[in-house]
Structures are given as structure tokens and as C-alpha cells.
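# Survey of secondary and tertiary structure
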Amino acid sequence: MVSLVPSLTEAIAETLPEVLVGVTDWCTHPAGLDLPRIGGTKNPALDRVLALTPDLVIANEEENRAPDLDALRTAGVEVLVTEVRDVPQAFRELARMLAACGANGRPRWLDEAEQAWSAPLPEPLATAVVPIWRRPWTVLGRDTFAGDVLARLGVRNLFGNHPERYPRIPLDGLRDAGPDLVVLPDEPYRFTAADGPEAFPGLPCALLSGRHLTWYGPSLAEAPRVLGEALRAALR
């Protein structure tokens, strides 16, 4: 298998490490992953992928570009494309993908992750805007996995009903939305204490792990605790 999605790489490597023959430059987990690199998620080197002669390429409809996946199919490679828009769908797609990779049953981490997210959807405790990029400012909109993660932690995304999934909103529009909280993950844009909060004076900012907010894989088991602690600290 070649994986074009960092979170799915982690899921496969924790379950069936022997089947992976290539991963992207952004596949950072598990630590010490020593496999051929085939470029980025948006610009994979297709010649490198084909040279590895994979039986299957693992992709995602949001992370990877359709022309690249079409080119792989034209070259005779089977491509499995996942779609993940909320937490329950993540568990279904992870099970489907791992079965396609040859897993014999569900791995323990997947059961643990599903149990960690088994609580009913809570009443919102706070409203938030969730920038994922700046220059231009871009936020989570409707129908996103990260938005559903936050909703399950009691945070309502103020742009969750926007017609676009990742709308570009001027900074004044983000402030004028009147959030209780600004959520700043460290990916895809790497917001830090010195880069992001200064744009929202007077508002609490939660600096979150992008891996726990946006990845669907083994990190889901600890995500409620890790994200919940960071959110609660920001709202104190």
C-alpha cells in the first residue's frame, strides 16, 4: 500500500505496518516511520508511487487532488478514496480502509477511539471561530470533520452553516461574529502563541493540536482529553 494521507498512514502503520511501501513527506506518525517518501499530499510524485508497484493507494477526497488519483487509475493502480465529514463517518471509513488493506477484524485502538467518542452530542458551552489559515483568513465552515469534533466537545462553530466548507472571511468579519473563543490549530497553518492570538485582542484563544483536531486515526482515542483540556484552559 501507498498512503497519501498522513492520518491514514498512522492508522495503517499501527495496524498493518508490513503492508506500507510508501508514504507522503507529511506522514510524521508513528515516530520513526522509515519508508520511501513520494512527495506531498497535493503534489505526489506519481512516478515514485508507480515505481513502488503498490496493490492499492489510499487517498482522501479532501486531502488529495482528483487529477492525481485519476492518473494513478489510468496507470492501472487501484485507489481507495475515503470521505470523512464527521466523527461517526471517520470510524466507518477507517474500518473500511483497514479491511481493504487486509486487516483481520478491528484493531483495539479503533474500538478505544470509538468508545472515547461515544457520549451524546452535548449542549454548546461556547461559540467559536476556527481559522485554519491566514493571508487570507480562512475558517472552518459547514460539514467538516474538525467542526464535528468541536461540536462533540461543546464548541459551536459560528460559521458552521456557511454555504462554503472553508470560507475566506475578513478579519473584521471574524471579530464581528462575536465568538466566545478563537480556536487556532497548528495545522494546516501553524498558529502559535506568537502568530495568531494577536489578531484577536480581548478574546480567549485556544491553541490546539491539529493532529488531534483534524486527523482520523489512532489519535482519536486521546483527542477528547487533549482537546478538552486545551479548550477548558482557554475558557478559564
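Below is a summary of the structure that appears in this document. (Residues numbered from 1 in each chain as written. Predicted model: local features only at pLDDT ≥ 70, side-chain atom pairs only at ≥ 80, totals over all residues. Heavy atoms only, no water.)

### Points about the state of the cysteines
Put plainly, a disulfide is one covalent bond tying together the sulfur atoms of two cysteines. Here is the rule we go by: We call a pair of cysteine sulfur atoms a disulfide when they lie within 2.5 Å. Classification of residues uses two cut-offs on accessible area relative to the type maximum, computed with a 1.4 Å probe and protein chains only: under 20% is buried, over 50% is exposed, and between them is partly exposed.
According to the stated counting rule, one finds zero disulfides in the structure shown. Free cysteine C27: the closest other cysteine sulfur is in C101, separated by 13 Å. Taking the relative accessible area as the measure of exposure, C101 reaches 7% and is therefore buried.

### Focus: the packing of helix 4 (residues 87-100) against helix 5 (residues 108-116)
Put simply, the rule is: Here an axis means a line fitted to C-alpha atoms, over the contact stretch when the element is a helix, while the angle between two N-to-C directions is reported on a 0 to 180 degree scale. Only DSSP runs of H or I reaching four residues or more are called helices, and only runs of E reaching two or more are called strands; each is numbered from the N terminus. Any angle that is under 35 degrees is reported as roughly parallel, and any over 145 degrees as roughly antiparallel; angles of 65 to 115 degrees are reported as roughly perpendicular and all others as oblique. The contact rule is simple, with two residues in contact once any of their heavy atoms fall within 4.5 Å. Charged means Asp, Glu, Lys or Arg here, nonpolar means Ala, Val, Leu, Ile, Met, Phe, Trp, Tyr, Cys or Pro, and polar covers whatever is left, Gly included.
Helix 5 packs onto helix 4 with a crossing angle of 175° between their chain directions and a minimal axis gap of 11 Å. It follows from the interaxial angle that helix 4 and helix 5 lie roughly antiparallel. When helix 4 is examined against helix 5, the residues F91, L94, A95 and L98 are found in contact with a partner set consisting of W109, L110, A113 and E114. Residues belonging to the contact of helix 4 with helix 5 are distributed by class as follows: seven nonpolar, no polar and one charged.

### A short note on unusual backbone geometry
Where the residue is not glycine, phi is negative for most of them; where a peptide bond is considered, it is trans in most cases. Along the chain, R135 connects to P136 via a cis peptide bond; the corresponding omega equals 5°. Assignment of secondary structure puts P136 in the loop between strand 6 (131-133) and strand 7 (138-139). Within the chain, T53 stands out as a residue other than glycine whose phi angle is a positive 45°. Here T53 lies in the loop between helix 2 (46-51) and strand 3 (57-60). Of note, D143 is a non-glycine position whose phi angle comes to about 60°, a positive value. Locating D143 in the fold gives a position in the loop between strand 7 and helix 6 (145-151). Residue classification places D143 among the partly exposed residues on the basis of a relative accessible area of 35%.

### Describing the side chain of T41
Looking at the secondary structure, you find T41 in the loop between strand 2 (22-23) and helix 2. Given a relative accessible area of 10%, T41 falls into the buried group. Residues within four places of T41 in sequence aside, it is in contact with L4, P6, T24, W26, E63 and N64.

### Quick notes on helix 9 (residues 223-235)
Here is the rule we go by: What a helix is expected to span follows from its residue count: subtract one and scale by 1.5 Å. Directions drawn from the helix axis to the C-beta atoms are what define this arc.
For helix 9, with 13 residues, the first-to-last C-alpha span of 18 Å sits near the 18 Å given by 1.5 Å per residue. What helix 9 keeps buried is the set A223, P224, L227, G228, L231 and A234. Here the buried residues of helix 9 occupy an arc of 130° about the axis, which is enough to place them on one side.

### Digging into the packing of helix 1 (residues 6-15) against helix 4
Just so we agree on the cut-off: For a crossing to be left-handed, the near helix must be turned anticlockwise from the far one by less than a right angle; the clockwise case is right-handed.
Packing of helix 1 against helix 4 brings their axes to within 11 Å, and their N-to-C directions diverge by 55°. Between helix 1 and helix 4, the crossing angle belongs to the class labelled oblique. Where helix 1 crosses over helix 4, the handedness of that crossing is right-handed. Facing L8, A11, I12 and T15 of helix 1, the residues of helix 4 in contact are L94, M97 and L98.

### Quick look at the pairing of strand 3
Formally: DSSP calls a pair of strands paired once it identifies at least 2 bridges connecting them. Note on handedness: a clockwise path from strand one over the helix to strand two, with the strands aimed away from the viewer, defines a right-handed crossover.
Here strand 3 shows a buried face lined by V57 and A59 and a second buried face lined by I58 and N60. Inspection of the sheet shows strand 1 (residues 2-3) paired to strand 3 by two bridges, in the parallel sense. Bridge pairing in strand 3 places S3 opposite I58. When strand 3 meets strand 4 (residues 79-82), the two strands line up parallel, connected through four bridges. Across the sheet, A59 pairs through a bridge with V81, a residue of strand 4. Handedness of the crossover joining strand 3 and strand 4 through helix 3 (residues 66-74): right-handed.

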